[in-house]
Amino acid sequence: MHGAMIHAPGDIRFETLDDPKILATTDAIIRTAVTCVCGSDLWPYRGLEPTAEPHPMGHEYVGFVEEVGSEVTSVRPGQFVVGSFATSDNTCANCANGFQSNCLHREFMTTCQADYVRIPNAQGTLVATDGVPEEELWPGLLAVSDVMGTGWWAAEAAEVGPGSTAVVVGDGAVGLCAVIAAKERGAERIIAMSRHEPRQKLARAFGATDIVTERGEEGVARIRELTGGIGADSVLECVGTAQAMGQALHSARPGGNVGFVGVPHEVAVDGQELFFSHVGLRGGPAPVRRYLPDLIDRVLTGAIDPGRVFDLTLPLSEVAEGYRAMDERRAVKTLLKP
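No experiment lies behind these values; they were computed from the predicted model shown.

Asks: What exactly am I supposed to notice about helix α12 (residues 319-327) here?
Replies: A turn of α-helix holds 3.6 residues, and therefore any two residues three or four places apart point the same way. Of all the residues in α12, the buried ones are Val 319, Ala 320, Gly 322, Tyr 323, Ala 325 and Met 326. Just downstream of α12 lies Arg 329, where phi reads positive at about 60°.

Set out below in structure tokens:
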């Protein structure tokens with residue numbers, strides 16, 4: 001088969017790889033329908049995470065089951081399935097508490113920009129659709145496997161509720177999906193922080209009521225101005241940088257909440273400041289598996305269309321260009337077709 005390998009910062013190659021095999025009785029092999037490049041893939045691409053040796057890339061996927069291990073009964077060959085970037089048995093104590101992304105047997109997916117993928121913990125990770133969805137729905141279902149599920153977790157962690165005011169920090173695919181989530185959860189006012197006009201337009205289409213272009217202290221001041229000097233009920237941090245976290249914490253009102261889902265890089269929180277702010281803080285890897293049945297249904301019924309975050313579609317063989325386009329902000333998110 002073929003797939004993407006990273007060799008060094010800025011060096012993504014489309015290579016011939018060994019076909020995946022069933023290694024455990026709980027595995028499944030899927031044939032990828034569509035996959036994509038994630039904003040978090042840009043951390044190693046930009047050299048902000050080390051690449052000690054060449055390795056496969058990709059953690060978002062939907063596809064067709066090709067083969068299952070002997071213990072897998074929840075899906076069968078031929079079915080179209082959606083999974084999560086974090087695999088889970090969906091039975092352990094952490095899974096039962098709704099945190100499948102902290103499953104005691106969790107494995108993070110890292111090989112999905114490829115023709116075929118081995119899925120560990122397939123019994124608990126994969127959710128089959130009723131029949132094969134129309135191909136135009138595949139991008140939306142692919143978004144559910146990570147960015148839509150992560151945006152939903154940001155909104156839940158920040159306790160977005162009916163009538164609330166929510167601020168979304170970050171205008172990448174996760175931030176844009178967080179706008180969808182905030183709207184679906186009943187936020188009355190959704191303030192998207194974005195400097196890029198195409199992303200602003202998409203944020204408004206997804207439900208943003210206001211756009212703030214300022215960043216840092218100026219951005220916080222603008223949020224305060226829009227919220228009567230108090231701050232927002234909920235702030236969804238979808239970037240992972242120190243500036244974004246500071247902006248998020250300072251944009252929340254006393255008693256408000258910050259949900260942070262951007263993978264933190266050089267982020268430090270001042271305990272004294274947090275203590276006296278009365279701001280709640282929760283985040284981490286999104287428990288996507290918890291949301292899969294609901295979000296799949298919302299996509300299939302047309303309630304949400306997170307597939308619109310894919311503004312560049314390429315054959316998998318051109319994966320390197322997909323990375324370049326996102327790195328240079330010529331694309332929000334690249335869809336890859338094997």
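After that view, the rundown keeps rolling.
Asks: What exactly am I supposed to notice about the packing of helix α8 (residues 216-226) against helix α9 (residues 242-251) here?
Replies: Helix-helix packing: each pair is described by the crossing angle between the helix axes and the interaxial distance. The N-to-C vectors of α8 and α9 enclose an angle of 25°; their axes lie 9 Å apart at closest approach. The angle between α8 and α9 places the two elements in the roughly parallel class. Relative to α9, α8 is oriented so that their crossing is right-handed. Between α8 and α9, the residues in contact are Gly 216, Val 220, Ile 223 and Arg 224 and Gln 243, Gln 247, His 250 and Ser 251, respectively. Within the contact of α8 with α9, the residues separate by chemical class into 2 nonpolar, 5 polar and 1 charged.

Asks: Looking at this model, I keep getting lost on the sheet that holds strand β13 (residues 252-260). Mind explaining?
Replies: Neighbouring strands of a sheet are bound in pairs by backbone hydrogen bonds; such pairs are parallel or else antiparallel. Spatial ordering of the open sheet is given by β11-β10-β9-β12-β13-β14, a layout of 6 strands whose pairing is parallel. Two strands lie at the open edges of the sheet, namely β11 (210-212) and β14 (280-283), each paired on one side alone. When the angles between neighbouring strand axes are averaged without regard to direction, this sheet yields 20°. Strands β9 (165-169), β10 (189-193), β11 and β13 of the sheet are contacted by α8, whose axis makes an angle of about 165° with β10.

Asks: What is the right way to look at unusual backbone geometry in this model?
Replies: It is generally the case that most residues other than glycine have a negative phi and that most peptide bonds are trans. Positive phi, close to 60°, is recorded for His 278, a residue that is not glycine. Within the fold, His 278 resides in the loop between α10 (271-277) and β14. The phi torsion at Arg 329 lies on the positive side, around 60°, for a residue other than glycine. By secondary structure assignment, the location of Arg 329 is in the loop between α12 and β16 (334-337). Take Arg 329: its relative accessible area is 38%, and that puts it in the partly exposed class.

Asks: I would appreciate a short explanation of the pairing of β16 in the present structure.
Replies: When a strand is regular, its side chains alternate between the sheet's two faces. One ladder, built from 2 bridges, connects strand β3 (residues 28-36) with β16; its direction is antiparallel. If you follow Cys 36 over to β16, its bridge partner there is Leu 335. Where strand β15 (residues 312-315) lies against β16, 4 bridges are found, and the strand directions are parallel. What sits directly across from Leu 312, in β16, is Thr 334. The parallel pair β15 and β16 is bridged by α12, and the resulting crossover is right-handed.

Asks: Please explain the state of the cysteines as it appears in this structure.
Replies: Working definition: the covalent bond between the sulfur atoms of two cysteines is a disulfide. Inspection of the entire model under this criterion finds 0 disulfides. Free of any disulfide, Cys 112 has its nearest cysteine sulfur in Cys 36, 8.9 Å distant. In this model Cys 238 remains outside any disulfide bridge; the closest cysteine sulfur is found in Cys 177, 9.3 Å from its own. A relative accessible area of 12% means that Cys 238 is categorised as buried.

Asks: Which parts of the structure should I look at to understand the pairing of β9?
Replies: Counting buried residues along β9, 5 of its 5 residues qualify, which places the element largely inside the surrounding structure. Burial along β9 is two-sided: the residues Thr 165, Val 167 and Val 169 and Ala 166 and Val 168 are all buried. Taken together, the 5 bridges between β9 and β10 define a ladder with parallel strand orientation. When the sheet's bridge partners are listed, Val 169 is paired in β10 with Met 193. Following the chain from β9 across helix α6 (residues 173-184) to the adjacent parallel β10, one finds a crossover that is right-handed. The pairing of β9 with strand β12 (residues 232-237) spans 4 bridges and is classified as parallel.

Asks: Looking at this structure, how should I read the side chain of His 265?
Replies: Among the secondary structure elements, His 265 is positioned in the loop between β13 and α10. For His 265, a relative accessible area of 16% gives the class buried. Within polar-contact distance, the side chain of His 265 engages the backbone oxygen of Val 263 at 2.9 Å. Not counting chain neighbours up to four residues away, the residues in contact with His 265 comprise Trp 43, Leu 48, Glu 49, Gly 240, Thr 241 and Ala 242.

Asks: What am I meant to see in the environment of Glu 156 here?
Replies: In this structure, Glu 156 sits in helix α5 (residues 147-157). C-alpha separation for the pair Glu 156 and Ala 181, spaced 25 residues apart in sequence, amounts to 8.5 Å. Setting aside residues up to four positions removed in sequence, Glu 156 forms contacts with Arg 185, Arg 290 and Tyr 291. At 2.6 Å, the side chain of Glu 156 and the side chain of Arg 290 are in polar contact.

Cut-offs used in this document
- Residues numbered from 1 in each chain as written.
- Predicted model: local features only at pLDDT ≥ 70, side-chain atom pairs only at ≥ 80, totals over all residues.
- Heavy atoms only, no water.
- Buried < 20%, exposed > 50% of the residue type's maximum accessible area, 1.4 Å probe, protein only.
- Helix = DSSP H or I, 4+ residues; strand = E, 2+ residues; numbered from the N terminus.
- Axes fitted to C-alpha atoms, helices over the stretch in contact; angles between N-to-C directions.
- Parallel < 35°, antiparallel > 145°, perpendicular 65-115°, else oblique.
- Left-handed = near helix turned anticlockwise from the far one by under 90°.
- Contact = heavy atoms within 4.5 Å.
- Nonpolar A, V, L, I, M, F, W, Y, C, P; charged D, E, K, R; others polar.
- Pairing = 2+ DSSP bridges.
- Right-handed = clockwise from strand over helix to strand, strands pointing away.
- Disulfide = S-S within 2.5 Å.
- Polar contact = N/O pair within 3.5 Å; in protein donor to acceptor, adjacent residues only side chain to side chain.

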